[in-house]
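Listed below, chain by chain, are the residues.
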Amino acid sequence: MNESPFATLVAGGFFCGRSACFPPAVNAGQKHPYMVSPLVTLFDHKELVGKWLKKRACPYMTSKAENIMTIKAFLTLKKCCIGLGALAAAATLAPMPAQAAGDLLVAPTRVVLDGERGTEIILNNIGPETATYRISLELRRMTPDGRLEEVSDEESNDIEKAAKAMIRYAPRRVTLPPNQPQAIRLGVRAPEGLPDGEYRAHMLFRAIPEARSVTQEKPLEGGLSISLTPIYGVTIPVIIRQGNLQATAAIANGRMEKNPDGQSFAFDLSRSGDRSTYGEIRIIKPGVGEPIMVARGIAVYPELAMRTVTFPVPPEVAEQLSGPISVEYYEPANNGGGLIAKTDMVLR
């Protein structure tokens, strides 16, 4: 997702300061290479969306209906906030589906399967024109700075090959009229005797550009005309858990770093156990009621024992970070919202 032309929205979350919201950088001084819009965040707190929807007298919904209604809630929030110049602020009210640059919304943006029962992923084309997408599976590994690098079939290990082989999904190509949701059925066929562990592949939704005749292009007189068509896409992790898996995490070495774009706050997030950890980071200042910063969608996958987490920090937030703070790592609300790790530190 870093070198790829596809907009990938897996390892990073939506980063929120008390006065601003923006995606976190993966390295100090490096803009996030796979966040395509400040509208993007991870779909991990359905309860918050549910509270927003209850005000509109929505009945209890099934998982598929939740995904569809979350997309509709996202579109409604977007329309309400554009005219007020507060769209980024609205994104902190409730987590939204992932949005690719090609006007594709996907919900949920992370799938965890721990049994034979399958699930559905809801796609919605919010663009003004009909669009076609090809759906496929690919392999990615997390790097120590939190990026996800593509892995070829030749480079894949046994765990990665097994993950890709046992995931079943349909359809594999969809044509979406504007604002018409489409469900992708997703399931697992685990082989007999599958060893306990966490298996992961990434589902890619890739836009297929409309074919255009060369006669439609106006040629340059006495020269060669070249037309470049960008191809957009979005990926989400599909995680399969076999057996009773456990994991713990720890936070250490918090520090402020200077970079060409300003300052960043960084720390080391370590993991132990036989599965990944995933959740949101909250930075708390003693005596302040609300977190100074919140970053959702922070993961450490099993291929790593430790990664660096780095957030860009605007000057007004950097002043608040000076001195004693607490850095807390919580599970998503739909997984119970429990505390994974916490540490106190003093920043200079």
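First, a word on what this report is: a plain description of the structure on this page. Since the structure is predicted, the reported quantities are computational estimates derived from the model, not experimental observations.

**Overview of the overall build of the chain**
Next up, step 1: Scanning the chain for helices and strands turns up 5 helices and 20 strands.
Next up, step 2: Among the 348 residues that make up the chain, the fraction classed as buried is 49%.
Next up, step 3: In the form shown here, the chain has an accessible surface area of approximately 16700 Å², with 51% of it arising from carbon and sulfur atoms.

**A word on the sheet that holds strand β14 (residues 247-259)**
Next up, step 1: Spatial strand order, β14-β15-β18: 3 strands in an open sheet with antiparallel pairing. Two strands in the sheet have a free side with no partner beyond their single neighbour: β14 and β18 (306-313). The mean inter-strand angle of the sheet, taken between neighbouring strand axes irrespective of direction, is 20 degrees.
Next up, step 2: In terms of strand pairing, strand β15 (residues 262-273) meets β18 through 8 bridges, oriented antiparallel. Residue pairing in the sheet places serine 264 in a bridge with proline 312 of β18.

**Digging into the packing of aromatic side chains**
Next up, step 1: This structure, assessed with the given rule, holds 2 aromatic pairs.
Next up, step 2: With centroids separated by 6.1 Å and ring planes inclined at 70 degrees, the aromatic side chains of phenylalanine 267 and phenylalanine 311 adopt a geometry described as edge-to-face. Here the residue phenylalanine 267 occupies a position in strand β15, and phenylalanine 311 occupies one in strand β18, the gap between them amounting to 44 residues. We note that phenylalanine 267, like phenylalanine 311, is buried.

Reading the values: rules and limits
Residues numbered from 1 in each chain as written. Predicted model: local features only at pLDDT ≥ 70, side-chain atom pairs only at ≥ 80, totals over all residues. Heavy atoms only, no water. Helix = DSSP H or I, 4+ residues; strand = E, 2+ residues; numbered from the N terminus. Buried < 20%, exposed > 50% of the residue type's maximum accessible area, 1.4 Å probe, protein only. Areas by Shrake-Rupley, 256 points an atom, 1.4 Å probe, with all protein chains shown as cover. Pairing = 2+ DSSP bridges. Axes fitted to C-alpha atoms, helices over the stretch in contact; angles between N-to-C directions. Phe/Tyr/Trp six-rings, centres within 6.5 Å; stacked < 30°, edge-to-face > 60°.

From the geometry alone we can't say anything about function, so treat these as descriptive.
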